[in-house]
Amino acid sequence: MYKRQAVKDYGREISIFYMRAVIALIIVIGLLLLLFFRQFKLQVLSYDTYQTQSENNRIRVRPVAPIRGLILDRNGVLLAENRSIFALEITPEIVGKKQMDDTLTRLGLLLDIDEKQINEFKEQIKFRSKYKSYPIKSKLSEQQVAIFSVNKHLFPGVSVEARLERYYPHGEDVVHAIGRMSAINKADLEKWEKEAQATNDFSRINNYAATNKIGKLGLERFYEKELHGTVGQEKVETDVRGRIVRVLERQDPIAGQNLHLHLDYSLQKKANELFKEVGARGAVVAVDPNSGGILALVSQPGYDPNLFTGGISQANYSALINSEERPLYNRAVQGTYAPASTIKPHLAWLALQQGVINSSTRIADPGWYSLPDNEHRYRDWKPWGHGATMNVVDSIIQSCDTFFYELSVMLGINNISAGMEQFGFGQKTGLDIVEEKVGIMPSRAWKKENRNQFWYMGDTVNIGIGQGFWTATPLQLANSSAVLANDGIRFDLQLVKEFQIGTKVESNIPEMSTEQITTGDGRWLDTVKNAMHQVTLPPLGTAKTAFEGASFSAAGKTGTAQVKSIAQDETYDAETVEDKFKDNALFIGYAPFENPQIAIAVVMENAGGGGGNAAPIARKLMEHYLKSNDKSLASNQPMGQQ
Amino acid sequence: MLSSYSPNASSNTHKAKNSLLWRFHIDVPLLLGLLMLMGFGLMVIYSAGGESSFLIKKQLVRLGFGLAVMFFIAQIPPRILQLWAPALYVLALGFLFAVLLFGESSKGAQRWINIGIRFQPSEMMKLAMPMMIAWFFAEKALPPSFKNLVVSLLLVFVPTLLIMKQPDLGTSLLIATSGLFIIFFSGIRWRYIATAVVAAVVMIPIMWYFVMHDYQKGRVLTFLNPERDPLGAGYHIIQSQIAIGSGGVSGKGWLQGTQSQLEFLPERHTDFIFAVLGEEFGLIGVGILLALYLFIIIRGLQISLQAQDTFGRLLGAAITLTFFVYLFVNIGMVSGLLPVVGLPLPLISYGGTSMVTLLAGFGILMSIKTHRRLHSR
């Protein structure tokens, strides 16, 4: 049933195809010749025109850096601003690869740039466009500008440019909260490049086209995106030397957001001063218990973050890194310390709430505690003991160790680690600083995983006085104090209160919401808080001297942490022990007792007892804060000294 | 070279059968041509990308992947490809519908679909289209009857319209072209071709008012008069011409192109890479590039002529000519002969998806060349 046209005629098909292929090839060759002649016209006939245009008339698109957002404290005190400076900048393309080393060496001699800075500069330009200029030295003095100007002709491709640079007016006081800036390095660029390739989104790299510095620590790092702003651009016409003849078009950059902090700079400054007065290392964290806002975040000693902004010199860097005081170490958020007796109120509350004890449960304290069938004596800080009948309130006020040894054994480690996590131990506080450490809230699982050992009863005993495996950051301690002050409500701690975008202000609402611990019978929380109140009062409170004559009421708990373990037959003698093995002094607390406005944690490394060293600092800071923020206290006369 | 076509292909086959490369279904001249182009491309990318080894590494990985795909496809005999052509076409068509219904948008166009991996069904259609039309004509009497011609045109225009809707005018026209090439090689009468050309001319105003988007119209207007938009698209055309023109006969030298390296060309390692090549390697470099392209095209047509059946013959020729259209449109655009269309320079530009599709096409050519039945018809 074949129709005539349905029969395949291979011969005809092939010959038609052959002819069409030849025709196609002729057309292809014709069009390729057209392309070739087009290039011939451009490259040979019009060569002179284009050559001249390429030499004389360079139109370029230049990115314009946005102005970085400011950082201000709760009263509007500037903590980070931008100052105009003179920067020595190099355009690698103009200097040329071969001349680069020579130019850098000669510049170094002329303007005092050390090898480290030169190497960092080389590292920086390796991965970036050669056609832009990069700073090798910022903050030139007027004299240096003059010296360079005289010698300018010796350095093609090097220029002095007016730039804005980050400046911290109170650098050393706030560095551990604000953080610092430094040059964008290879690692940053590679990371962005990878991200961009993976997501096909190059906006981040493009946004930093005109930016040379980036937040490396603290708020500057955490809020890099908000602070940075959006790059602008301008189309400019330049002459053969790359000088701008005129700006053709401009799209302004959008400045970064300003950060308004909860931080109270005057409190922050006061804390630094108090530490310097006694020459102590350590940390202070103060929190507004009603919001979780950080009022002060101090780590002593600090350092000047301005040193890093323009590229730190070898000498300065070595001094910082080799200092025994470890100023670069952020004790407030990264220091993990044994909380010692400061966590006794929390444990007491847990035991009361769970019904393990009640307020009239009493134990006898001979000055030590030992586990059944074990000779090891866990000593009380008071060698002769606190007497025959100690209840929970007495034990908090006088910080009786024996009571809490026994209490922790009664509670058991599982109960303790679950209960203490409610206060935020062993977790991040939600603070807007990524460097935050979590410390250790030990548990059976933790010990198995990290030490590959079973949990022993003795471990639990040590936990009762906040020693052993338990460590916490000053931040967590302040947080736990705020939770008590706030009747069990826990906020995410935040430094930033508001973002200011132009004239619009937006509140900073942390991602995690607030949590409330299960207080059970609210009575027990009151019992513990009353005991903490009496810690600051005569006749027996461990911080009574520190709070003597205070015009406000407070609650608190002292702590004295052993840094070195003491053998069974030894005694601790503050006079003979080496400085670095001296006890850490701690204090947590809040004020006013009735209506808490400030919760605080003070940790002083190797300073001795908490009541004698940390508590006085806490008291002065509470006083300072309440005076300046609470009108009812502002008129009161100065407090009596202890 | 075309005259090397010999009706007695089997003698040719016996000689080559001994070679190892033949056994792996690799056509050596074609492979050499492709590798030389790729090497040239890597050199230019290195320069255009600011001497970044990162881009080179990425591109090497892509090239490697593309070549692997090519070798894989070369192992599949043409009759299997023919067998699967309709299924592939229907699948691609289904994906195109899916894209319109729930595709992912990027830069204002909806071209992507996510089925575990994200991909553009239009890339799939680039191969499925010529395979389908070749399959359709394979067992039919050629030149095609009017009825078969109408059916084949329908097969071409349905996916074309779907891609146009995304909107991706450039790709849709390219895909239509690959199908139309097959119809051309099937031997339709010149009368029809002439009619089609007239129809196309008539279509231009219709396209202008009803199909083209404002940005596309803008490109055409700018192409006709670059000074219309000296800071936008026209600026690119002016600047790429300055770059090419200032290269002269011998070029400014590798890595020495001052124009290319300035920040004026936005896509200098992708779509505008030809400007960098022209500036740094001059007319000589351009000549070498065009010669390499011509060599590959001649080899492709030769393979098609030697094909043993209608399917292979039509498909091979269409793939080869589509390849030519790519390079012609790109070079024409960069040197100011054609309006700006977002299309990479084949095997030279930095970029992934379209290159893999291209190499898959060359895999089909190698398959047509190397899978031969020993008996003659």
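Just so it is clear, the structure is predicted and the values come from calculations on it, not from any experiment.

Before going further, it helps to spend a moment on the overall build of chain B. Across its full length, chain B holds 15 helices and 3 strands. Counting every position in chain B, which comprises 377 residues, the buried fraction comes to 58%. Once local pairs closer than 6 in sequence are excluded, the contacts in chain B between residues at least 24 apart make up 74%. Of the roughly 15,500 Å² of accessible surface on chain B, a fraction of 69% belongs to carbon and sulfur atoms.

Scanning chain A from terminus to terminus reveals 25 helices and 23 strands. Looking at chain A as a whole, 51% of its 642 residues are labelled buried. Contacts in chain A between residues at least 24 apart in sequence constitute 74% of all its contacts with a sequence separation of at least 6. When the accessible area of chain A is evaluated, it comes to approximately 29,400 Å², of which 51% is carbon and sulfur surface.

What follows covers the interface of chain B and chain A. Counting residues at the interface gives 67 residues for chain B and 50 residues for chain A. The junction of chain B with chain A conceals about 5,300 Å² of combined surface from both sides, 68% of it contributed by carbon and sulfur atoms. On the surface where chain B and chain A come into contact, there are 1 salt bridge. Glu13(A) is the partner of Arg313(B) in a salt bridge, and the nearest nitrogen-oxygen pair spans 3.2 Å. Our count for the chain B to chain A interface comes out at 14 residue pairs in polar contact (both at pLDDT 80 or more). If you list the elements that add at least two residues to the side of chain B that touches chain A, you get helix 4 (53-74), helix 6 (121-138), helix 8 (169-185), helix 9 (190-211), helix 11 (233-245), helix 12 (258-261), helix 13 (273-306) and helix 14 (310-334) of chain B. Here the side of chain B that touches chain A gets 13 residues from one element, more than from any other, and that element is helix 13 of chain B. Grouping the amino acids of the side of chain B that touches chain A by side-chain chemistry returns 39 nonpolar, 18 polar and 10 charged.

Let us now look at the sheet that holds strand 23 (residues 598-605) of chain A. Residue and element names in this part refer to chain A. If you trace the 5 strands from one edge of the open sheet to the other, you get 12-11-23-22-21, paired in antiparallel fashion. Looking at which strands have only one partner, the edges of the open sheet turn out to be strand 12 (293-300) and strand 21 (555-561). Direction aside, the axes of adjacent strands within the sheet are offset by 5 degrees on average. Examined bridge by bridge, strand 11 (residues 281-288) and strand 23 share 7 bridges and lie antiparallel to one another. If you follow Val287 over to strand 23, its bridge partner there is Ala599. Across the sheet, helix 23 (residues 522-535) touches strand 21 and strand 22 (584-591), and the angle it forms with strand 21 is around 70 degrees.

With that settled, the discussion passes to the packing of aromatic side chains. Per the counting criterion, the structure on display carries 27 aromatic pairs over all chains. Pairing Phe17(A) with Phe185(B) gives two aromatic rings, centres 5.3 Å apart and planes at 45 degrees, and the pair type is tilted. Taken together, the positions of Phe17(A) in helix 1 (residues 10-45) and Phe185(B) in helix 8 put the pair across two chains. An identical accessibility class is assigned to Phe17(A) and Phe185(B); each is buried. A network of ring pairs unites the aromatic residues Phe17(A), Phe184(B), Phe185(B) and Trp190(B) as a single cluster.

In this structure, the amide linkage connecting Ala591(A) to the following residue, Pro592(A), adopts the cis form with an omega of -15 degrees. Looking along the chain, the bond that leaves Leu142(B) and enters Pro143(B) is cis, with omega of -5 degrees. Here the phi dihedral of Arg326(A) falls at roughly 50 degrees; this positive angle occurs in a residue that is not glycine. The topology assignment puts Arg326(A) in the loop between helix 14 (314-322) and helix 15 (331-334). Phi at His25(B) takes a positive value of approximately 60 degrees, unusual for a residue other than glycine. Relative to the elements of secondary structure, His25(B) occurs in the loop between helix 2 (20-23) and helix 3 (28-48).

This next bit is on the pattern of salt bridges. Enumeration over the complete set of coordinates arrives at 27 salt bridges over all chains. Taking the shortest distance from any N to any O, the salt bridge between Glu234(A) and Arg250(A) comes out at 2.9 Å. Placement of the pair is Glu234(A) in strand 8 (residues 232-238) and Arg250(A) in strand 9 (residues 244-251), with a sequence separation of 16 residues. For Glu234(A), a relative accessible area of 8% translates into the label buried. Of the residues examined, Arg250(A) reaches a relative accessible area of 45% and is grouped as partly exposed. Here Lys252(B) ties to Glu279(B) by a salt bridge, and the two come within 2.6 Å at their closest N and O atoms.

The next point concerns the pairing of strand 3 (residues 78-90) of chain A. All names here are of chain A. Of the pairings in the sheet, the one linking strand 2 (residues 71-72) to strand 3 comprises 2 bridges and is antiparallel in character. Across the sheet, residue Ile71 finds its bridge partner in strand 3, namely Ala80. Here strand 2 folds back onto strand 3 in antiparallel fashion, the turn holding 5 residues, of which Gly76 has a positive phi close to 85 degrees. Where strand 3 meets strand 5 (residues 158-167), 10 bridges bridge the pair, whose relative direction is antiparallel. Looking at the pairing, Ile85 lines up with Arg163 of strand 5.

What sets the pattern is the α-helix's 3.6 residues per turn: residues three or four places apart point alike. All names here are of chain B. When the terminal C-alpha atoms of helix 8 are compared, their 24 Å separation across 17 residues agrees well with the 24 Å that a helix rising 1.5 Å per residue should span. Helix 8 sits mainly inside the fold: 13 of its 17 residues count as buried. Note on helix 8: the residue one or two positions beyond its end, Gly187, has a positive phi of about 100 degrees.

Right, let's get into the side chain of Asn148(B). Residues and elements named next belong to chain B. Note on placement: Asn148 falls in helix 7 (residues 146-164). Judged by its relative accessible area of 11%, Asn148 falls in the buried class. Apart from the residues within four sequence positions on either side, Asn148 is in contact with Phe136, Phe137 and Lys140.

Turning next to the confidence of the model for chain B. All names here are of chain B. When pLDDT is averaged across chain B, the result is 84; 84% of the residues are at 70 or more. When pLDDT is averaged over each element of chain B, helix 13 comes out on top at 95 and helix 1 (residues 9-16) at the bottom at 47. With pTM at 0.62, the complex prediction returns an ipTM value of 0.90.

The subject of this paragraph is helix 18 (residues 401-411) of chain A. Counting buried positions along helix 18 of chain A gives 8 out of 11 residues, so the element sits mostly inside the fold. One or two residues past the end of helix 18 of chain A sits Gly412(A), with phi positive at roughly 85 degrees.

In this section: the pairing of strand 22 of chain A. Residues and elements named next belong to chain A. Burial within strand 22 is extensive, with 8 of its 8 residues counted as buried. The alternating pattern of strand 22 places Asn584, Leu586, Ile588 and Tyr590 on one face and Ala585, Phe587, Gly589 and Ala591 on the opposite face, and all of these are buried. The pairing of strand 21 with strand 22 spans 7 bridges and is antiparallel. Within strand 22, the position partnered with Gly556 by the bridge is Gly589. When strand 22 meets strand 23, the two strands line up antiparallel, connected through 7 bridges. Looking at the pairing, Ala585 lines up with Met604 of strand 23. Where strand 22 hands over to strand 23, the hairpin turn is made up of 6 residues, counted between the paired strands.

Taken together, the side chains of Val198(B), Val202(B), Met203(B), Ile206(B), Tyr209(B), Phe210(B) and Val211(B) make up a nonpolar region of the molecular surface, amounting to roughly 710 Å² of accessible area. What makes Val211(B) partly exposed here is its relative accessible area of 31%.

What counts, and at which threshold
- Residues numbered from 1 in each chain as written.
- Chains lettered and ligands numbered in written order.
- Predicted model: local features only at pLDDT ≥ 70, side-chain atom pairs only at ≥ 80, totals over all residues.
- Heavy atoms only, no water.
- Helix = DSSP H or I, 4+ residues; strand = E, 2+ residues; numbered from the N terminus.
- Buried < 20%, exposed > 50% of the residue type's maximum accessible area, 1.4 Å probe, protein only.
- Contact = heavy atoms within 4.5 Å.
- Areas by Shrake-Rupley, 256 points an atom, 1.4 Å probe, with all protein chains shown as cover.
- Buried area = accessible area lost by both parts, 1.4 Å probe.
- Salt bridge = Lys/Arg side-chain N within 4 Å of Asp/Glu carboxyl O.
- Polar contact = N/O pair within 3.5 Å; in protein donor to acceptor, adjacent residues only side chain to side chain.
- Nonpolar A, V, L, I, M, F, W, Y, C, P; charged D, E, K, R; others polar.
- Pairing = 2+ DSSP bridges.
- Axes fitted to C-alpha atoms, helices over the stretch in contact; angles between N-to-C directions.
- Phe/Tyr/Trp six-rings, centres within 6.5 Å; stacked < 30°, edge-to-face > 60°.
- Expected span 1.5 Å × (residues − 1).
- pLDDT = per-residue confidence, 0-100.
- Patch = residues over 30% accessible without salt bridge, like charges linked within 9 Å, V, L, I, M, F, W, Y side chains within 5 Å.

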